[in-house]
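Residues per chain are reported as follows:
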Number of protein chains: 2
Amino acid sequence: MAQGPTITTIAERAGVSIASVSRVLNGLPTRQETVRKVMAAAEELGYVRNAVARSLKSRRTHQVAFAMADVGNPAYLAMLREIQPVLKAAGYRLVLHSTGAVVADEIDVLHSLGERYVDGMIMVPLRVTEAHLQMLGAARAPVVVIGSVPEGTPVDNVRADSRTGVRLAVDHLHALGRCRIALVNGPTDTVPGAARGAAYREALAELGLPYDEELVEIGDFYRAEGGRAVAALLNRVSDVDALMCANDLIALGALDVLRAAGKRVPEDVAVVGMDDTDLAAASWPSLTSVSLGSAERGRVAAELLLDRLQDGEHEPRVVTVPPRLVVRASTTPEPPAVRDVTGAAGQAATQSRSTEGGGTS
Amino acid sequence: MAQGPTITTIAERAGVSIASVSRVLNGLPTRQETVRKVMAAAEELGYVRNAVARSLKSRRTHQVAFAMADVGNPAYLAMLREIQPVLKAAGYRLVLHSTGAVVADEIDVLHSLGERYVDGMIMVPLRVTEAHLQMLGAARAPVVVIGSVPEGTPVDNVRADSRTGVRLAVDHLHALGRCRIALVNGPTDTVPGAARGAAYREALAELGLPYDEELVEIGDFYRAEGGRAVAALLNRVSDVDALMCANDLIALGALDVLRAAGKRVPEDVAVVGMDDTDLAAASWPSLTSVSLGSAERGRVAAELLLDRLQDGEHEPRVVTVPPRLVVRASTTPEPPAVRDVTGAAGQAATQSRSTEGGGTS
DNA sequence: TTGTAGGCGTTATCAC
DNA sequence: GTGATAACGCCTACAA
């Protein structure tokens, strides 16, 4: 781990100036003889260009940050899986930020954008506060936000359509003859929690079903918490025949609790999750879930950012990714060979790439 | 997105030299009056220090790279989830590299270490070639390898114990009265594939069971491939009563195929996976799996790297993480409340943190 | 074609 | 205490 060689070292070794070395290294027109000498010296010394020095000069790091609440969340991982190859193909490295659910940390990450160690950022805020908007307005590098921001925020924005998503699910349950459809939600002060709560209410109204507060339970977006919430719900209301869960983890918790309680799924209680993560297809029974296009949102975000990194100046763009209902065993006893129902008529085919494996020694 | 202010801008604004600005910013002893002026100017200008320039000077980027074959692989993700918080707590950012299964890409990543855009690296090579060893020997920054490298390789090394892991699984199956235990493996020219193949053979020998080539099927480490391999196997051999799968994805594929073939799991065929990913607990039936301590290996690797980044020079260290058999429904009809069997007597409690959730709008 | 020199934004070593 | 000034490693006018 000795001190690595620099262009100066090479210059001395080759008996030329550092300017010539730089030229050769960058493929600028140079005499053959010089090229040979420099290349030889570089080779012998095992020279590798210093990316930091180069960035200082060029003002480009070829790095992009991805900031989300939690690396362990399968929905974010689905985004990550799409973002990574897109950026890599364009010659960018991906820097990960896991902020926890702490708003201050998100602001901090946004602040650190100013340190210029990345050329841009993709961010999935859990809550969007005034402080967020202020930082976004003052950002010194392009930012793409996954999740809705108010009109006029000067960043590109990739949205899911929770509203339609929840409606697809509720319609599906209703069509199966379910009338006591409960909502198991996460905290309502989060962006997704709020959206899904409102959408649930709307969907019921559209179907002419009454909104019953008894049928709404707030927990958190985790499996254990979801289970607890469902237990509380069942304890309170006895005639629930369907659970609309605000994400897949909650839904898995629901399955755990229902099984323990001796309820059959879907005969006694049908269950729908959200995000359509890998866990949905693997669960027991397999889980009907609303895909909000995590993978596609990630891919689109990466593409928007790359575009912005190249061109620079357009108006802020907003892209909304349509949801899809993926029907599995938790709502229909005989899973109909994975039927898909698309939310927006004939929209972009959200190709959720199959999870790949690989051993580890 | 105007040109950001630098210490020079601040110096002018505050009417002092850049040296003083730097001192104030770094908390070095300075007169109160000067401190005030500089802070005020910095505040007004919204100054954020340039990480690149700072790195050039300090020769530290406060970044660490994590390189693996595929961001989509749950085993690597388990590592990632542990690595990230450890590094973050120590003030490091994580740069992700997904190399695909391509050896050349791994070498390339190792090469890029020389660009000094990170202070160190954690790598999980799928194969370990001569080229790998050469690059590792010449590395200009500390590297920790997850997966076995030959004695004498000058890097810290965190290993799983496939051998014991496979033995735990095979013993378990044998104890359940299974005698025709098949192996569904991934490519045998990979580190894990080779290790698991050899371990299977050993485990049978120890139990006095015959090694039957008919019972070994090679596919790949993915769900679909695993399914195909199992189909081929069942087609060839009719009396298989247990499947030892080289990872969880293969095992899930096996469950798919067995179900389609009308075989009951575990009554007709017992199934064991490896890596104990989130998918194992969520699957249908839930999957008995050998945990090779992905999470712990990640955490240990991060700690070794941090230690090396601070101190610098010790001898290369080797840490082996013990496997655990996690028994679930795919081998015992009545899952015994998730019984754990530890591979090494009373070893470090591999605390596999429960996957956390979170909604996304 | 090639070399000299200045600058990217910081930090750190000097004299003052 | 503070202010010039020299690095850090690279790129690039501009001159030769």
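Chains are numbered independently. Their residues run from 1 in the order of the written sequence. For this description, chains carry letters from A and ligands carry numbers from 1, given in the order in which they are written. Selection of residues for local features in this predicted model requires a pLDDT of at least 70, selection of side-chain atom pairs for listing and counting requires 80 or more, and totals for whole chains, interfaces and linings are taken over all residues. Just so you know, side-chain values use all the structure's heavy atoms and leave hydrogens and water out.

1. Overview of the protein's contact with DNA strand C
The local shell around DNA strand C holds 24 residues, among which Ser20(A), Arg23(A), Thr34(A), Ile7(B) and Tyr47(B) are the closest. Here a polar contact is taken to be a pair of N or O atoms separated by no more than 3.5 Å, where protein atoms must pair a possible hydrogen donor with a possible acceptor and residues adjacent in sequence count only if both atoms sit in side chains. Take Arg59(A): an N or O atom from its side chain is 2.9 Å from a phosphate oxygen of DNA strand C. Between DNA strand C and Ser22(B), the relevant distance is 3.1 Å, taken from a phosphate oxygen to a side-chain nitrogen or oxygen of the residue. With 4 residues, the top contributor of residues to the surface near DNA strand C is helix H2 (residues 18-25) of chain B. The residue makeup of the surface near DNA strand C, split by class, is 8 nonpolar, 8 polar and 8 charged. Consider each residue's heavy atoms; a residue with any of them within 4 Å of a molecule or strand counts as near. Numbering goes from the N terminus for both helices and strands, where a helix is a DSSP run of H or I of at least four residues and a strand is a run of E of at least two. Any residue that is not Ala, Val, Leu, Ile, Met, Phe, Trp, Tyr, Cys, Pro, Asp, Glu, Lys or Arg is counted as polar, Gly included; the first ten are nonpolar and the last four charged.

2. Observations regarding the domain arrangement of chain A
Each domain span listed reflects an automatic or database assignment of domains. Here the domain parsing of chain A yields domain 1 (1-48) and domain 2 (162-292 + 322-350). Its C-alpha centre places domain 1 of chain A at a distance of 63 Å from the equivalent point of domain 2 of chain A.

3. A few points about the interface of chain B and chain A
Facing the 78 residues of chain B at the interface are 78 residues of chain A. Two parts placed together each lose some accessible area under a 1.4 Å probe, and adding up what both lose gives the buried area. Both faces combined, the contact of chain B with chain A buries some 6,300 Å², and carbon together with sulfur accounts for 58% of it. One speaks of a salt bridge when a side-chain nitrogen belonging to Lys or Arg is within 4 Å of a carboxyl oxygen belonging to Asp or Glu. Across the contact surface, chain B and chain A share 4 salt bridges. Of the charged contacts, one joins Glu115(B) and Arg93(A) as a salt bridge, the two residues approaching to 3.8 Å between their closest N and O atoms. At the junction of chain B and chain A, the tally comes to 13 residue pairs in polar contact (both at pLDDT 80 or more). Mapped onto the side of chain B that touches chain A, the elements with two or more residues apiece are helix H4 (51-58), helix H5 (74-89), strand E2 (93-98), helix H6 (103-112), helix H9 (191-207), helix H11 (248-260) and helix H12 (278-282) of chain B. If one sorts the elements of the side of chain B that touches chain A by residue count, H5(B) sits on top with 9 residues. Class assignment for the residues of the side of chain B that touches chain A results in 36 nonpolar, 26 polar and 16 charged. Pairing geometry for strand E2 (residues 93-98) of chain A and E2(B), over 3 bridges, is antiparallel. Bridge pairing links Leu96(A) to Leu94(B) in E2(B). Between two residues, a contact is recorded if the distance between any of their heavy atoms is within 4.5 Å. Paired strands are those between which DSSP finds at least two bridges.

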